[in-house]
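Here's the letter readout for the chains.
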Amino acid sequence: MTRLTPPHAERDPDSLSADELAEVVQFHNERYWRDDAPVVPDQVYDRLVEQLRALAPEHPLLNELGEAGAGEDLPASDKVAHNPPMLSLGKCYSEDELLKWAKGYSGTLVASPKIDGAACAIRYGADGKLQVAGTRGDGRRGENITHNVVGVPNVPASLPDDLLAARGPCEVRGEIYMPLSLFAAVAELYANPRNVAAGSVKAKEVGAVASDQLRFFAYDLIGWDVQSEREKAELLRRIGFSPAPTQVCDIAGAEAVYQAMVSERAGWDYETDGVVFKIDDFDEQSRRGFTAHHPRWALAYKFQGDSGESVLESVQWSVSRTGTITPVAIVTPVELSGAMVTRATLHNVSNVDALQLKVGDTLLMTRRGGVIPHVEGTLGGGSEAVAAPTECPECGSATEVRSSVRRVGGEDIETQTLHCAVPERCPAVQRGILQHYTKVLEIDGFGDKIIDMLLARKMVADPADLYGLTVEQLKELPRLGRTSAINLLAKIESMNPGG
Ligand code: IVH
């Protein structure tokens with residue numbers, strides 16, 4: 001996967017000439033369309049294109065943007081034709097629109113999460129063996145990604161003989177995605193799991209992540225005779241696939257199913273951007289047919305408020321129990337996916353540098369997987385550059401920057417992190433270690449308040465000191481009588497890991 005810095009990154013976009021701005025736009029256009037690995041949020045890209053349009057409305061690049069040319073250089077052997085074409089989905093944002101779409105249909109609907117990954121078609125031959133797999137591409141022709149799809153753990157290499165005998169070749173379509181639990185390990189490096197999945201599955205050699213980090217949700221089965229979506233999902237399961245989890249309802253119950261998924265999605269291990277409703281019965285599906293763009297028998301009811309804009313008020317540098325100092329964005333409160341967000345981790349110094357944050361910037365915020373607040377990028381507007389502190393905000397000792405290099409997708413990625421240079425004397429580190437210790441050993445009664453009081457009075461500095469505490473010392477602490485002091489010491493004693 002390409003991870004380059006855009007041209008003229010060090011300059012203010014407002015100071016660029018039309019041709020320089022065009023170079024920046026072209027760079028982002030290629031990252032998005034050719035590599036499937038955008039390095040800025042869509043809104044930032046759109047703004048750059050608008051800026052170019054305002055500066056030079058006749059600039060030739062403006063006619064060349066989009067998918068034009070993406071993948072054109074592939075040899076024919078690297079392409080996979082789609083018959084029928086892989087279409088998109090119509091979308092809506094409200095129950096009213098959903099009711100309008102159903103238009104008098106009162107039969108069964110099947111609802112499944114709309115998984116945010118990369119669409120993929122996998123063909124099996126008459127012998128039941130996986131033959132070829134392709135991306136969606138322009139819907140009629142995609143890229144051959146067989147070499148990567150065979151490594152996705154829940155894609156069967158062959159189909160069971162007994163089911164196959166009567167049915168012949170088939171094609172399974174679905175979504176390749178990266179589970180959030182696996183994405184966590186590379187979250188600092190890539191914008192979102194969708195980009196990692198889409199980029200890695202297309203990579204010629206090993207992509208950002210290996211295929212065994214990806215998963216496949218099956219939602220379509222072509223070539224075998226089934227009469228309903230439910231029957232299709234059941235058959236997909238029997239031949240070894242993981243069908244997208246489904247719920248059955250009628251149109252009167254559709255909004256409740258949507259709302260239930262809105263609240264459940266935080267617990268899912270994949271990113272979703274809506275709920276797909278499909279008419280279950282295939283006779284009704286055929287009556288409705290297709291537009292050139294999407295089937296009329298399915299509709300994506302999108303989640304709203306997943307992303308929003310907010311202003312960077314300050315950056316807080318927070319010291320962990322290991323002495324690592326992590327930047328945290330403090331932002332004006334913004335409602336995202338139904339909750340107020342006021343802060344988001346910025347992970348490390350490298351990330352702050354890459355984002356080129358300034359206090360006062362308008363930030364584009366999302367909640368990853370609908371849960372974890374995340375700064376996607378900045379729309380600019382601020383003036384005061386964010387600088388890493390030279391002194392530890394907790395103890396005033398010097399800070400030090402450490403570099404580590406990780407090899408990801410065949411590329412060396414350097415990450416810089418900030419640390420307190422004298423962690424053994426830093427109260428934040430001492431507090432963190434003590435909190436962690438008492439929590440892990442489940443020493444009840446040792447809340448953060450008591451730990452802070454002990455530290456403030458220099459009665460303890462590390463966990464070993466807990467075992468030297470006396471009743472006389474403890475009972476001097478505010479709101480802790482003799483009995484509580486004795487109980488607390490008994491608990492500490494009983495938890496002594498040395499015996
Ligand atoms: S049904 C015509 N079900 O969303 C295709 N699609 O934005 C019928 N997608 O191209 C697709 N989760 O790649 C279906 N549970 C789900 C899905 C799903 C994700 C993708 C699919 C489609 C795209 C449209």
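The structure under discussion appears in the preceding block.
So, a few notes on the structure that sits alongside this text. (Residues numbered from 1 in each chain as written. Predicted model: local features only at pLDDT ≥ 70, side-chain atom pairs only at ≥ 80, totals over all residues. Heavy atoms only, no water.)

## A short note on the sheet that holds strand β8 (residues 215-222)
Inference 1: The sheet built from four strands is open, its strands ordered β5-β4-β7-β8 with antiparallel pairing. Two strands bound the open sheet, and with one partner strand each, they are β5 (130-135) and β8. For this sheet, the mean inter-axis angle between neighbouring strands, taken without regard to orientation, is 25°.
Inference 2: The pairing of strand β4 (residues 118-124) with strand β7 (residues 170-177) spans seven bridges and is antiparallel. Looking at β7, one finds that Tyr124 is bridged to Cys170.
Inference 3: Lying over the sheet, helix α8 (residues 229-238) contacts β7 and β8, oriented at roughly 125° with respect to β8. (Pairing = 2+ DSSP bridges. Helix = DSSP H or I, 4+ residues; strand = E, 2+ residues; numbered from the N terminus. Axes fitted to C-alpha atoms, helices over the stretch in contact; angles between N-to-C directions. Contact = heavy atoms within 4.5 Å.)

## Quick look at the pairing of β7
Inference 1: Of all eight residues in β7, eight are buried; the element is thus mostly enclosed.
Inference 2: As defined by bridge partners, β7 adjoins β8 across seven bridges and the pair is classed as antiparallel. Note on β8: the bridge partner recorded for Glu171 is Ile222. (Buried < 20%, exposed > 50% of the residue type's maximum accessible area, 1.4 Å probe, protein only.)

## Quick look at the pattern of salt bridges
For side chains bearing opposite charge, pairing can occur when the charged atoms are close.
Inference 1: Tallying each qualifying case throughout the model produces 19 salt bridges.
Inference 2: In this structure, Glu171 and Arg123 form a salt bridge, with 3.0 Å as the shortest nitrogen-oxygen distance. Taken as a pair, Glu171 in strand β7 and Arg123 in strand β4 lie far apart in primary sequence, 48 residues in all.
Inference 3: Look at Arg123 and you get partly exposed, because its relative accessible area is 26%. (Salt bridge = Lys/Arg side-chain N within 4 Å of Asp/Glu carboxyl O.)

## Digging into the pairing of strand β14 (residues 339-345)
For a regular strand, side chains alternate in direction, first toward one face of the sheet and then toward the other.
Inference 1: Bridge count for strand β13 (residues 324-336) against β14 is six bridges, and the pairing is antiparallel. Among the inter-strand pairings, Val334 is bridged to a residue of β14, identified as Val341.
Inference 2: Hairpin remark: β13 followed by β14, antiparallel, with two residues in the connecting loop; positive phi at Ser337, about 45°.

## Some remarks on the sheet that holds strand β2 (residues 90-92)
Inference 1: What the five strands build is an open sheet, ordered β2-β11-β10-β3-β9; its pairing is mixed. The two strands at the open ends of the sheet, each matched to only one other strand, are β2 and β9 (247-249). Direction aside, neighbouring strands of the sheet carry axes that sit 35° apart on average.
Inference 2: Of the strand pairs in this sheet, strand β3 (residues 109-115) and β9 are connected by three bridges, and their pairing is antiparallel. Looking across to β9, one finds that Ala111 is bridged to Gln247.
Inference 3: Strands in contact with helix α3 (residues 95-102) are β2, β3, β10 (272-279) and β11 (298-302); relative to β11, the strand with the most contacts, it is inclined by about 175°.

## Examining the site of the ligand
Inference 1: Residues in contact with the ligand amount to 13 residues; listed here are only the nearest, Pro113, Lys114, Ile115, Glu175 and Tyr219.
Inference 2: In the environment of the ligand, an oxygen atom lies 3.0 Å from a nitrogen or oxygen atom belonging to the side chain of Lys114.
Inference 3: Between Ile115 and the ligand, the recorded distance is 3.0 Å, taken from a backbone N or O atom to a nitrogen atom.
Inference 4: In isolation the ligand offers 520 Å² of accessible surface; the protein chains occlude 89% of this area.
Inference 5: Mapped onto the shell around the ligand, the elements with two or more residues apiece are β3 and β10. (Near = heavy atom within 4 Å. Polar contact = N/O pair within 3.5 Å; in protein donor to acceptor, adjacent residues only side chain to side chain. Areas by Shrake-Rupley, 256 points an atom, 1.4 Å probe, with all protein chains shown as cover.)

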